[in-house]
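Per-entry structural report
Residue strings, one per chain:
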Amino acid sequence: MAVVPLPINSYTGIFVVTLLFAFLDGYSIGANDVANSFATSVGSRSLTYTQAVCIALFTEFGGAVLLDNIVKASFFEKRQDLLMTGFMCALIASSLWIMGCIRIGMHPSTTHSIVCALVGVGVAAYGWDAVNWSWNGRGVAYVVAGWFMAPTLAAILAGTIYGLTRWIVFSNPDKSLQRGIYAIPVYFTLTGFIVSFFIVMKNGRGDWGISVAGNNPGGAVTLTGDLTKAFTIIGIMTGVIFLFCVLFAIPFFQRRLIKEENLKSYHMFYIWFVPTQPRDENLAYTLNQAMTPHIKLDGVQTTDAVVEEKTEVVEVVEEKGHPAWIKFKNVALKGFYHDISKDQYESAKHLHQNVHLYDNKTEYLFSFLQVMTASFASFSHGSNDVANSVGPFAGVYSIWSEGKLSSNAKAPVPTWMLAFGGIAINLGLAFYGYNIMRNLGNNLTYHSPSRGFAMELGAALTVITAAFLALPVSTSQCIVGATLGVGFIGGNAKAINWKMFGWIGLSWLLTLPVASTAAGLLFYILTNVPSFTVAPVVPK
């Protein structure tokens, strides 16, 4: 059936409202999903909040459209105006739901939120048949299955990675540092291979990729394109990482941690040309304050340390400046001025007493790995993040500027639109991401660099495994599952804040009914209200 186009630049009001809520949706995604990527790194103090924001600037771009798998666009071929309205309603419902969840401490999946909102629009417009409810074709059943499969798989993988790390590196406290130094090249190379493979095979720019037969779960998986060229690139990237570790990282860590020379992180890149430095007498204190200020070096939490931390919290310091600036700084810039890794709720106070703690020197090794895995976690779902906000917006823009959106082709996404979504996402992370980082950090379970590395790598492996098996996963749910898996292996069931996990899980379960109902009701109201241009016809 041919698409019936609209006059070009029709319904400019819908376009403007969609633009505004696409920005809000991007902002909420930054505050939710991107913050989720860096929560473990900030929680373990491998990265500061400012560093996380800066890294995200380079990892959160890309785009695609979600429409075809969930709502059957062919139903809207004669009414492109209703399709515009549907996209607008989906963005309004999705963005408000995510922002509301973040405000009260929930952690929903932004991907599932926009998908569920589109479900509500489809049902409100043309009934139940307008929505693909099946498992095949990645319909609603496929999405719902991801609520259980993603966190379970991530918990198993992350828990396994951390369990192996404990056995290989930390099992002998007297040799853990030396073992860790020589294990770093292996970890870096493995992580580098995974990152390289994902970037090369899934970036969408080359003539290669991962193909699943029928685009259905369980279908035959094949690698397509010029694989020789692809794996040559992967091999070169992985080889460079291995050589860097052997030639630069190991000598740096030996001098910094064993000989305790007063070196800076940037000395790693030219360590062979750095003369012998004086011994850093404050190394133990520096590492303690940088990563675990409430924990002694021997791995025992002390009363003195806890009392000292409480004293810091209750101390009142008079802030200088204009009252408006102070208010803005305490609200919008809280993440930059407040150590959110120390911000714990009462329900999480017991967590650190139920975990196994290790030498901070050995933990310090993994802080460098966390920078790589955090960047990869952000990159791996960066395209989806942008797509969630600009995908529906791209559809509205296509209809507004060209008069139609064919059901046989995805909406073209201009570069400026990707930049628009990327800016909104990074602003959301900068100004509101501290909420999710606080919740998924030390409030869900105890974080250290080795634990955070296992969490992030486990979540990333889950995403890649899902790509091969065509399984439905949400990156938000992957990192939560990975956090639970590592928390259990690193301590016991009491090391996990089950109350907070229940609160997060509730947001996953409520996303489908709330987002779909809100979008569907809004669509129904907007498309069935009295019109100034068309008078009601009195039946004869």
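Going by the structure above, here's the rest.
All of these numbers come straight from a predicted model, not from anything done at the bench.

Some words on the overall build of the chain
Helices and strands together make up the secondary structure of the chain, namely 19 helices and two strands. Looking at the chain as a whole, 54% of its 540 residues qualify as buried. Taking as baseline every contact in the chain between residues at least 6 positions apart, the subset at least 24 positions apart corresponds to 79%. Of the roughly 23900 Å² of accessible surface on the chain, 66% is carried by carbon and sulfur atoms.

So, the side chain of S516
Looking at the secondary structure, you find S516 in helix α19 (residues 498–528). Residue classification places S516 among the buried residues on the basis of a relative accessible area of 12%. Here the side chain of S516 touches L512 through a polar contact of 2.3 Å, landing on its backbone oxygen. Aside from chain neighbours lying at most four places away, what touches S516 is C116, A117, G120 and T511.

Digging into α19
For α19, which comprises 31 residues, the first-to-last C-alpha distance of 44 Å matches the rise-based estimate of 45 Å (1.5 Å per residue) to within 8%. Where α19 is buried, its residues meet α4 (80–103), α5 (110–126), α6 (140–170), α16 (434–440) and α18 (475–489).

Considerations on unusual backbone geometry
With a phi angle near 60°, E260 is a residue other than glycine that sits in the positive phi range. Here E260 lies in the loop between α8 (227–258) and α9 (283–291). For E260, a relative accessible area of 14% corresponds to the buried category.

So, the pattern of salt bridges
If the charged atoms of two oppositely charged side chains come close together, the side chains can form a pair. In total, this model carries five salt bridges according to the counting rule given. Across the pair E281 and R279 runs a salt bridge, and its minimum N-O distance is 2.8 Å. By relative accessible area, E281 is classed as exposed at 60%. What you see here is one network of salt bridges that share partners, running through E260, R279, E281 and K361.

Some remarks on the packing of aromatic side chains
As enumerated under the stated definition, the model contains 20 aromatic pairs in all. Taken together, a centroid distance of 5.7 Å and an interplanar angle of 65° make the contact between Y187 and F366 edge-to-face. Of this pair, Y187 sits in helix α7 (residues 176–202) while F366 sits in helix α13 (residues 360–380), placing them 179 residues apart in sequence. Arranged with centres 6.1 Å apart and planes meeting at 80°, the rings of W498 and F501 form a pair that is edge-to-face. Residue W498 and its partner F501 are both found in helix α19; the two are separated by three residues, about one turn of the helix. Residue class for W498 comes out partly exposed when judged on its relative accessible area of 44%. What links up through ring pairs into an aromatic cluster is the set F15, F23, F393, Y397, W400 and F420.

What counts and what doesn't
Per chain, residues are indexed from 1 in the order of the written sequence. Confidence filtering applies because this is a predicted model: local features only for residues at pLDDT of at least 70, side-chain atom pairs given and counted only at 80 or more, and all residues used for totals across whole chains, interfaces and linings. The side-chain quantities take in all heavy atoms of the structure and omit both hydrogens and water. Helix numbers and strand numbers start at the N terminus; a helix is a DSSP run of H or I with at least 4 residues, a strand a run of E with at least 2. Partly exposed describes any residue whose relative accessible area lies between the buried limit of under 20% and the exposed limit of over 50%, with all areas from a 1.4 Å probe on protein chains only and scaled to the type maximum. In what follows, residue pairs with any heavy atoms lying within 4.5 Å of each other are defined as contacts. Surface accessibility follows the Shrake-Rupley procedure with a 1.4 Å probe radius. Residue values consider only the protein chains on display as shielding. The definition of a polar contact used here is a pair of N or O atoms within 3.5 Å, where within protein one atom must be able to donate a hydrogen and the other to accept one, and adjacent residues in sequence count solely through side-chain atom pairs. In this scheme, a helix's expected span is set at 1.5 Å multiplied by one less than its residue total. Every case where a carboxyl oxygen of Asp or Glu lies within 4 Å of a side-chain nitrogen of Lys or Arg is listed as a salt bridge. Under the pairing criterion, centres of Phe, Tyr and Trp rings, with the six-membered ring standing for Trp, must be within 6.5 Å; the plane angle then separates stacked pairs below 30 degrees from edge-to-face pairs above 60, leaving the rest tilted.

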